[in-house]
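# Commentary on secondary and tertiary structure
Spelled out, the chains give:
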Amino acid sequence: MLKGSARAHTNIALIKYWGKANEDLIIPMNNSLSLTLDAFYTETTVTFSEELTTDIFYLDDTLQDEKGTKKISRFLDLVRKKAACPLFAEVNSYNHVPTAAGLASSSSGLAALAAACNQALQLDLSDRDLSRLARRGSGSACRSIFPGFVEWQKGNSDETSFAEVVPSSGWENELAMLFILINDQEKDISSRDGMRKTVETSAFYDGWLQTTTQDLASAKIAIHAQDFEKLGTVTENNALKMHGTTLAAVPPFTYWSPDSLKAMNAVRKIRAAGLPCYFTMDAGPNVKVLCQRKDVAQLKEKLTHYFADEQLITAFSGPGITYL
Ligand SMILES: O=C(O)C[C@@](O)(CF)CCOP(=O)(O)OP(=O)(O)O
């Protein structure tokens, strides 16, 4: 019996990954840049055993059906091949995220699984090679291997596509990200399906791609200069452009719900009144608000005029992989 356990934290992209150049290897069209957070994480244990005749996946103590196990099993096939190990495995994952929020964070889940496999099969992978392996599970997972600000170098092959830390002199510890959890019943289009539809059909996709490289350069300059307004502005604009691409997909779609727009407008109003804060969004209705740590209590107080307190969750910069 070969067993491994690891914890990985969710990351939120400030400059988005939105589209694959290679679906099988999960090579992205562009570089992306994220902030790993402390509040949300996944703890995963994997046990490879001769006794098993198939892969078994428990998520928060609930046995997952075949559909829910497919993505995990496909990833385990990769690991088995890499380790020349024929054994099936039992995976136990615990998502420490607010369940109601639908904050299904594939970034922390697949990163934790990759690290747990690394330990169980004694692959002895470097962080860079672990990032490459996690990338094969889910693109954004490659960034959760590292703490703080992280850039995913898109590369053009399995060897050259990996994440690495963005030097920041610890400035990330002066920032905060406040999640506005929008309880939207709509079944989300997964990020994987959403980005594929967009790449394949959206008239706005090329415009997105042309400007996101510049946005990433601006974000890195802002981090180096510790210029919050510059980082916040490029973060918000980049998210709006990414989401703009979905409106020109065929058929069009959007992740925005009425309350998403309410949240974005509230952030604009609070910013206009003098509190620097900027929003970003991913493949769902939730809105994440980037602000400076010193302002997060005041921001939360102002947002309670628009949303219930239990919908507001504060996160700070978080760590990379921890082996348990
Ligand atoms: O995180 C970002 O950069 C932006 C997004 O969150 C915007 F929705 C996409 C994340 O995509 P992911 O779930 O990693 O896709 P996969 O590679 O198909 O598994």
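Residues numbered from 1 in each chain as written. Predicted model: local features only at pLDDT ≥ 70, side-chain atom pairs only at ≥ 80, totals over all residues. Heavy atoms only, no water.

## As for the site of the ligand
The line we're drawing: Note on definitions. A residue lies near a molecule or strand when any single heavy atom of the residue is within 4 Å of it. For this analysis, a polar contact is any N or O atom pair within 3.5 Å, provided that within protein one partner can donate a hydrogen and the other can accept it, and provided that sequence-adjacent residues contribute only side-chain to side-chain pairs. The Shrake-Rupley method, run with a 1.4 Å probe sphere, supplies the accessible areas, and residue values consider only the shown protein chains as cover. Put simply, DSSP H or I for four residues or longer makes a helix, DSSP E for two residues or longer makes a strand, and each gets a number counted from the N terminus. Nonpolar residues are Ala, Val, Leu, Ile, Met, Phe, Trp, Tyr, Cys and Pro. Charged residues are Asp, Glu, Lys and Arg, and all others, Gly as well, are polar. Each domain's extent is set by a domain assignment, obtained either automatically or from a database.
Around the ligand lies a shell of 17 residues, among which Tyr17, Lys20, Ser138, Ser140 and Arg192 are the nearest. Serine 191 is positioned with one of its side-chain polar atoms (N or O) 2.8 Å from an oxygen atom of the ligand. In this structure, aspartate 282 approaches the ligand through a side-chain N or O atom, which is 3.4 Å from an oxygen atom. Against a free-state accessible area of 470 Å², the protein chains account for coverage of 95% of the ligand. Considering each element in turn, the shell around the ligand owes the most residues, 3 residues, to helix α4 (residues 191-201). Residues belonging to the shell around the ligand are distributed by class as follows: 7 nonpolar, 5 polar and 5 charged. When residues of the shell around the ligand are assigned to domains, at least three map to each of domain 1 (2-170) and domain 2 (174-316).

## Here's the deal with the pairing of strand β11 (residues 277-280)
Counted only if it meets this: Buried, partly exposed and exposed residues are distinguished by accessible area as a fraction of the type maximum, computed with a 1.4 Å probe on protein chains only: under 20%, between the cut-offs, and over 50%, respectively. Strand pairing is assigned whenever DSSP identifies at least 2 bridges connecting the two strands.
Judged by which residues are buried, β11 turns out to be covered on both faces: Cys277 and Phe279 on one side and Tyr278 and Thr280 on the other are all buried. Where β11 lies against strand β12 (residues 287-292), 4 bridges are found, and the strand directions are antiparallel. Across the sheet, the residue bridging to tyrosine 278 is leucine 290, located in β12. Between β11 and β12, which pair antiparallel in sequence order, lie 6 residues.

## Things to note about the domain arrangement of the protein
Accessible area lost upon the coming together of the parts is a frequently used measure of interface size. Put simply, the rule reads: Residue contacts follow a heavy-atom distance rule, with two residues in contact if any of their heavy atoms lie within 4.5 Å. We define a salt bridge as a contact between a side-chain nitrogen of Lys or Arg and a carboxyl oxygen of Asp or Glu at a distance within 4 Å.
Per the domain assignment, the segments of the protein are domain 1 (2-170) and domain 2 (174-316). Distance between the C-alpha centres of domain 1 and domain 2: 23 Å. Domain 1 puts 36 residues into the contact, and the matching count from domain 2 is 42 residues. At the boundary of domain 1 and domain 2, one finds 3 salt bridges.

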